Amino acid sequence: MSKTLVEKIWDAHVVKREEGFPDILYIDTHLIHEVTSPQAFDGLRKRGIPVFRPKQTVATADHNVPTLNQHLPIKEELSRYQVDMLTKNCAEFGIELYGLGHPYQGIVHVIGPELGITLPGKTMVCGDSHTSTHGAFGAIAFGIGTSQVEQVFATQCLLQSKPKTMKIEVNGTLQKGVGAKDIILYIISKISAAGGTGYFIEYAGSAIRSLSMEARMTICNMSIEMGARGGLIAPDQITFDYVEGREFAPKGKEWDKALAYWKTLYSDEDAIFDKVLTFDAADIAPMITYGTNPGMGMGIAEHIPATNAQPESERPSYQKALDYMGFKDDSTVLGNRVDYVFIGSCTNSRIEDLREVASFVKGKQKAHDVEVWIVPGSKQVEKQAKEEGLDKIFEAAGFQLREPGCSACLGMNEDKIPAGKYCVSTSNRNFEGRQGPNARTMLVSPLTAAAAAVTGKVTDVRELI
Ligand SMILES: CC(C)[C@H](C(=O)O)[C@@H](O)C(=O)O
Ligand code: SF4
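Residues numbered from 1 in each chain as written. Chains lettered and ligands numbered in written order. Predicted model: local features only at pLDDT ≥ 70, side-chain atom pairs only at ≥ 80, totals over all residues. Heavy atoms only, no water.

A. How the structure looks around the environment of A271. Relative to the assigned elements, A271 resides in the loop between α10 (252-262) and β12 (275-280). Relative accessible area serves as the criterion here: at 13%, A271 is assigned to the buried category. Note: C-alpha distance between A271 and M1 (270 residues apart in sequence) is 8.5 Å. For A271, the residues in contact, after removing those within four places along its chain, are S2, K3 and T4. (Helix = DSSP H or I, 4+ residues; strand = E, 2+ residues; numbered from the N terminus. Buried < 20%, exposed > 50% of the residue type's maximum accessible area, 1.4 Å probe, protein only. Contact = heavy atoms within 4.5 Å.)

B. Quick peek at the layout of surface pockets. Counted as a void, the largest pocket has a volume near 550 Å³. For the largest pocket, the lining is made up of 26 residues, of which T29, I117, L119, K122 and F248 are closest to its centre. Mapped onto the lining of the largest pocket, the elements with two or more residues apiece are β4 (57-60), β5 (96-98) and α10. By residue number, the principal contributor to the lining of the largest pocket is α10, which donates 5 residues. Its volume calculated, the second largest pocket comes out at about 420 Å³. What lines the second largest pocket is a set of 16 residues, and nearest its centre among them are N293, M296, Q310, E314 and Y318. Counting residues per element, the lining of the second largest pocket draws most heavily on helix α11 (residues 315-325), at 3 residues. (1 Å grid on protein atoms, 1.4 Å probe; cavity = no way out; pocket = protein on both sides within 12 Å on 5 of 7 lines; lining within 4 Å. Points joined across faces, edges and corners; volume = space filled by probe spheres on them.)

C. Representation of the site of ligand 2. Every residue near ligand 2 is listed here: H63, H109, D128, H130, S345, C346, C406, C409, L410, N428 and R434. Looking at the shell around ligand 2 residue by residue, the classes come out as 4 nonpolar, 5 polar and 2 charged. When residues of the shell around ligand 2 are sorted by domain, at least three fall in each of domain 1 (5-160 + 237-259) and domain 3 (288-463). (Near = heavy atom within 4 Å. Nonpolar A, V, L, I, M, F, W, Y, C, P; charged D, E, K, R; others polar. Domains from an automatic or database assignment.)

D. Expanded view of the pattern of salt bridges. Tallying each qualifying case throughout the model produces 24 salt bridges. Among the ionic pairs, E169 bridges to K167, the shortest N-O distance being 3.3 Å. Close ionic contact of R209 with D236 constitutes a salt bridge, the shortest N to O distance being 3.0 Å. With R209 in helix α7 (residues 206-209) and D236 in the loop between β11 (230-232) and α9 (237-243), the pair connects residues that are 27 residues apart, well separated along the chain. The class of R209 is partly exposed, set by a relative accessible area of 31%. Taking the relative accessible area as the measure of exposure, D236 reaches 16% and is therefore buried. Within the structure, one salt-bridge network assembled from shared partners comprises K3, D11, R17, D23 and K162. (Salt bridge = Lys/Arg side-chain N within 4 Å of Asp/Glu carboxyl O.)

E. View of the environment of G177. Residue position: G177 is located in the loop between β9 (164-171) and α6 (180-191). Spatially, the C-alpha atom of G177 lies 8.1 Å from that of A285, the residues being 108 residues apart in sequence. Each residue touching G177, except ones within four places of it in the same chain, is listed here: D182, P286, L447, V461 and I465.

F. How the structure looks around the sheet that holds strand β8 (residues 157-160). One open sheet accounts for 3 strands, arranged β1-β2-β8; its pairing is antiparallel. Whereas interior strands pair on both sides, the edge strands pair on one side only; in this sheet they are β1 (14-16) and β8. Taking each pair of neighbouring strands and ignoring which way they run, the sheet shows an average axis angle of 40 degrees. Here β1 pairs with strand β2 (residues 23-26) via 2 bridges, running antiparallel. (Pairing = 2+ DSSP bridges. Axes fitted to C-alpha atoms, helices over the stretch in contact; angles between N-to-C directions.)

G. Looking closely at the sheet that holds β12. Taken together, the 4 strands give an open sheet; going across it, the order is β11-β10-β9-β12, and neighbouring strands pair in parallel fashion. Two strands close off the open sheet at either side, each with one partner strand: β11 and β12. The mean angle between the axes of side-by-side strands here comes to 20 degrees, regardless of whether they run parallel or antiparallel. Note: β9 against strand β10 (residues 199-204), 6 bridges, orientation parallel. Looking across to β10, one finds that T165 is bridged to F200. Along the sheet, α6 makes contact with β9, β10 and β12, crossing β12 at roughly 125 degrees.

H. Representation of the site of ligand 1 in the model. The environment of ligand 1 is formed by V35, T36, H63, G127, D128, S129, H130, M412, R429 and R434. S129 is positioned with one of its side-chain polar atoms (N or O) 2.4 Å from an oxygen atom of ligand 1. Measuring from an oxygen atom of ligand 1, one finds a side-chain N or O atom of H130 at 3.4 Å. Out of a free accessible area of 310 Å², ligand 1 has 82% covered by protein chains. (Polar contact = N/O pair within 3.5 Å; in protein donor to acceptor, adjacent residues only side chain to side chain. Areas by Shrake-Rupley, 256 points an atom, 1.4 Å probe, with all protein chains shown as cover.)

I. The arrangement of the confidence of the model for the protein chain in detail. Per-chain confidence: the protein chain averages 98 in pLDDT, with 100% of residues scoring 70 or above. Per the prediction output, this complex has pTM 0.98; the corresponding ipTM is 0.99. (pLDDT = per-residue confidence, 0-100.)

J. Expanded view of α10. Residues of α10 that are buried include every one of W255, A258, L259 and W262, and no others. Axial view of α10: buried residues confined to an arc of 100 degrees, hence all on one face. Across from the buried face of α10, at angles greater than 90 degrees, the exposed residues are K253, D256 and K257. Looking at the packing, one finds that the buried side of α10 touches α9. (Arc of directions from axis to C-beta.)

Set out below in structure tokens:
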């Protein structure tokens, strides 16, 4: 029987299936961080049980870490406590930790791929919604809650019912100045922040196939922002080339064996998806969000949709979102003031993102009243950026290159955007207060963020390249 890619990987991991019950699904890799693991460790302690397969668990400190002076003790008390707890728990339960100061430390969804921990065909979970990022390799990767973290610790399995499948095809060629972030913001703006609810999404089509691994990660990362359980892309030569030689990737005979299996990981020609959507890459412009969920996005030169054009029941919340942002319906955001530019997060903090920004700003200066933060996704990205001299370009432009962590993606550490300020951000969520109480977030691509940094206002990057 023909199968979708999700079905192939899922079925290969079912330990037990019983009619009328969720499957018992084997989990190959469990990633953890300081926010969603403490209660799960406490649960184990209360029950007096160990982590069943600690070698299949990897930990990092990312959400609560400062991005300046990481060698000093963490100033915020709660953050320090969270990070200390993770260190203590990992030591007690025998889990490898890439904590502050470790050369592999970084955002959990950045370090998995770069270390070769993320591989095609795997099942991967983390107590974090953006675990979908790892799907870029053709893995089933999804976020879980803290009680499920405890379940995986104890059994290396999860009770899960098989998701519905959706295929999203993007075909054709992208316009100049348009990248992966614009593709995913465009898709979410078309199907809404709830449009993927209940589905596992496979991204396909020529525009997706032509993307680098890092760009594919940007796409899969935001699957959760349309409510999907996860997103993935069938592995191909681009995937294999990326994985080969990485620290924990299979080597020698193991590599050959793995590769032979990975080459079987695609949706069969006549596989049936529960839903199929198709988009044309040429229709996608540089995107920006104007509201308080990632579905409230538009081409940067368009006008904010009219409140009257919304379904009547949604008008009050639509208007509330625009009020929060200080925007009027049917107006443009082009030229709007920008106070902060944040280039970072598990969506856009990898070396290609930094290179793209650097090549745009080389020889340019940031606008004087804008604060620009570049936060690499990991120590390795930071190191590489410096080796390539990107730090010098950022410095000359007046950008601040900080140390790795989730940073201003969410207000859980010292990096917060002040109330009322506008932040053009390469992160993935623009919820009220996400970047700090009353901060206003506009989600964009790294290139659009770089353009805003240089002009000090919302700018159509197509006019500058
Ligand atoms: C803190 C964590 C649980 C959360 C998530 O699950 O996504 C965070 O990473 C986020 O992006 O909001
Ligand atoms: S960078 Fe942002 S979205 Fe990604 S894991 Fe950290 S807080 Fe969540």
